[in-house]
Amino acid sequence: MAHSPPRGRFITLEGGEGAGKSTQVQILADVLRQHGIDVVTTREPGGAPGADILRSMLLSGEIAWAPQAETLLHFAARAEHVAKTIRPALARGAWVLCDRYFDSTLVYQGYALGGNPVQIETLSKMIGMMPDLTIILDVAVETTQARLAARGAAADRYERLGAPFFTKVRDGFLQVAIDNPERCVVVDANQHLSLVSALMFTACLDKFVELT
Ligand code: T5A
């Protein structure tokens, strides 16, 4: 009798701008591949063709979205991403590393921009794809600003909101970790890249017996 492959693992990386998520997703993917794991890396908003179209609509700043419209667009992109990329990858046994997921909507559109957290939690439940592990890269606001300045690229809609906004975002992610201790690990991301990578892999070792 044919057996279906075991469901893969779903790991999300969260944190403010410049925390190092995109950099660390690639490093962790390489480490997991060295352990023989099939890894898919992806990001939000985006991660599927339709979701990428919504990403540019959200980040360009061309339209000042009504707050509820902005929240719903993030969830529309997420629904597409889960259906077209995340769920199929997990079903074939791959591990999915996702740069931002629904905690970002709770923190940005909820805590930092004043949206209703209960409604956002309801939408997250509707999506119904819970991460096995969420690593929150915590950086000081000064670190965020220094890294964005060093990168020198044009600021997107959220980066333009500045230090008071970054503070709310940082506090919001720390609150998410307090509220969800079973799936969240906070890593101090002010440190050297290699130390951050090592702490992230330790979090994976602690969570997933198949790595030990
Ligand atoms: N958003 C997203 C919402 O409002 N709601 C949502 O539901 C979702 C999903 C996405 C924006 O959308 C918002 C949040 C965001 O504002 P994005 O361009 O994808 O936009 O933005 P970010 O995800 O924030 O990506 P960033 O590139 O800004 O930050 P990362 O990925 O955390 O950082 P990274 O890896 O690009 O690193 C930034 C710089 O710092 C250096 C890197 O080399 C790079 O130059 N760096 C370090 N330097 C020293 N020491 C370290 N430890 C370092 N780690 C990285």
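Placed above this text is the structure.
These figures come from a predicted structure and were not determined experimentally. Along each chain, residues carry numbers from 1 onward, in the same order as the chain's sequence is written. For a predicted model such as this one, the threshold for reporting local features is a pLDDT of at least 70, and the threshold for listing and counting side-chain atom pairs is 80 or more; totals across whole chains, interfaces and linings nevertheless cover every residue. Side-chain calculation: all heavy atoms of the structure are included, whereas hydrogens and water are not.

> Just checking my understanding: could you explain the overall build of the protein for this structure?
For helices the rule is a DSSP run of H or I covering at least 4 residues; for strands it is a run of E covering at least 2, with both sets numbered from the N terminus onward. Each helix and strand counted, the protein has eight helices and five strands in total. Starting at the N terminus, the α and β elements of the protein follow one another as β-α-β-α-α-β-α-α-β-α-α-β-α. The C-alpha radius of gyration of the protein comes to 17 Å, within 12% of the 17 Å expected for a compact globule of 212 residues. Along the first, second and third principal axes, the C-alpha atoms of the protein reach 55 × 35 × 30 Å. The classification of residues rests on relative accessible area computed with a 1.4 Å probe and restricted to protein chains. Under 20% of the type maximum is buried, over 50% is exposed, and intermediate values are partly exposed. With 212 residues in all, the protein has 49% of them scored as buried. The atom set for the radius of gyration is the C-alpha atoms, and the globule formula is 2.2 Å times the number of residues raised to the power 0.38.

> Explanation requested: the packing of helix α1 (residues 21–34) against helix α8 (residues 193–207) in the structure shown.
Angle between the axes and distance between the axes: these two values describe a pair of packed helices. Remark: α1 packs on α8, axes separated minimally by 10 Å, with the N-to-C direction vectors making an angle of 55 degrees. When the axes of α1 and α8 are compared, the pair comes out oblique. Between α1 and α8 the crossing geometry is right-handed. In this structure, α1 contributes Thr23, Gln24, Ile27, Leu28, Val31 and Leu32 to the contact, and α8 contributes Leu193, Val196, Ser197, Met200, Phe201 and Cys204. Residues are grouped as follows: Ala, Val, Leu, Ile, Met, Phe, Trp, Tyr, Cys and Pro are nonpolar; Asp, Glu, Lys and Arg are charged; all remaining types, including Gly, are polar. Looking at the contact of α1 with α8 residue by residue, the classes come out as nine nonpolar, three polar and no charged. Axis geometry follows a simple rule: fit a line to the C-alpha atoms, using only the stretch in contact for helices, then measure angles between N-to-C directions, giving values from 0 to 180 degrees. Each angle gets one of four labels, with under 35 degrees taken as roughly parallel, over 145 as roughly antiparallel, 65 to 115 as roughly perpendicular, and the rest as oblique. In this scheme, a crossing is called left-handed if the near helix is turned counterclockwise away from the far one by less than a right angle; it is called right-handed if the turn is clockwise. Here, two residues are considered to be in contact whenever any of their heavy atoms come within 4.5 Å of each other.

> What should I look at first to understand the site of the ligand in this one?
Whether a residue is near a molecule or strand depends on its heavy atoms: if one lies within 4 Å, it is near. Around the ligand, the structure places 28 residues, and the nearest of them are Lys21, Ser22, Thr23, Thr105 and Arg151. Here a polar contact means two N or O atoms within 3.5 Å. Within protein one must be a hydrogen donor candidate and the other an acceptor candidate, and residues neighboring in sequence count only if both atoms are side-chain atoms. Between Ala19 and the ligand, the recorded distance is 3.1 Å, taken from a backbone N or O atom to an oxygen atom. Within the backbone of Gly20, one N or O atom sits 2.9 Å away from an oxygen atom of the ligand. Within the complex, 83% of the 1000 Å² of free accessible area of the ligand lies under protein. Elements with a minimum of two residues in the shell around the ligand: α1, α2 (49–59), α3 (67–91), α4 (102–112) and α6 (141–151). Each accessible area is a Shrake-Rupley estimate made with a 1.4 Å probe; only the visible protein chains count as cover when residues are assessed.

> Teacher, can you tell me more about the pairing of strand β4 (residues 133–138) here?
On a regular strand, each side chain points to the face opposite its neighbour's, so the side chains alternate between the two faces of the sheet. Summarising burial for β4: six of the six residues are buried, a large majority. Side chains Leu133, Ile135 and Leu137 project from β4 onto one buried face, and the interleaved Thr134, Ile136 and Asp138 project onto a second face that is buried too. Across five bridges, strand β1 (residues 10–15) lies against β4 in parallel orientation. If you follow Ile11 over to β4, its bridge partner there is Leu133. What makes two strands pair is DSSP finding at least two bridges between them. As paired strands, β4 and strand β5 (residues 184–188) are joined by five bridges and run parallel to one another.

> So what exactly am I meant to see when it comes to the packing of aromatic side chains here?
The relation between two aromatic rings is expressed through the spacing of the ring centres and the mutual angle of the planes. A pair of aromatic rings is counted whenever rings of Phe, Tyr or Trp (Trp by its six-membered ring) have centres within 6.5 Å, and the orientation is called stacked for planes under 30 degrees apart, edge-to-face for over 60 and tilted otherwise. One pass over the full model with this rule turns up five aromatic pairs. For the ring pair Phe10 and Tyr101, a centre distance of 5.0 Å and an interplane angle of 80 degrees mean the geometry is edge-to-face. On the criterion of sequence distance, the pair formed by Phe10 in strand β1 and Tyr101 in the loop between β3 (95–99) and α4 is long-range, its members being 91 residues apart. Look at Tyr101 and you get buried, because its relative accessible area is 1%. Taken together through their ring pairs, the aromatic side chains of Phe10, Tyr101 and Phe102 make up a single cluster. In this scheme, the term charge over a ring applies when either NZ of a lysine or CZ of an arginine sits within 6 Å of the ring centre and within 35 degrees of the ring normal. A cation over an aromatic ring shows up here: Arg78 above the ring of Phe75, its NZ or CZ 4.9 Å from the ring centre. The side chain of Arg78 reaches across the aromatic face of Tyr101, ending 5.5 Å from its centre.

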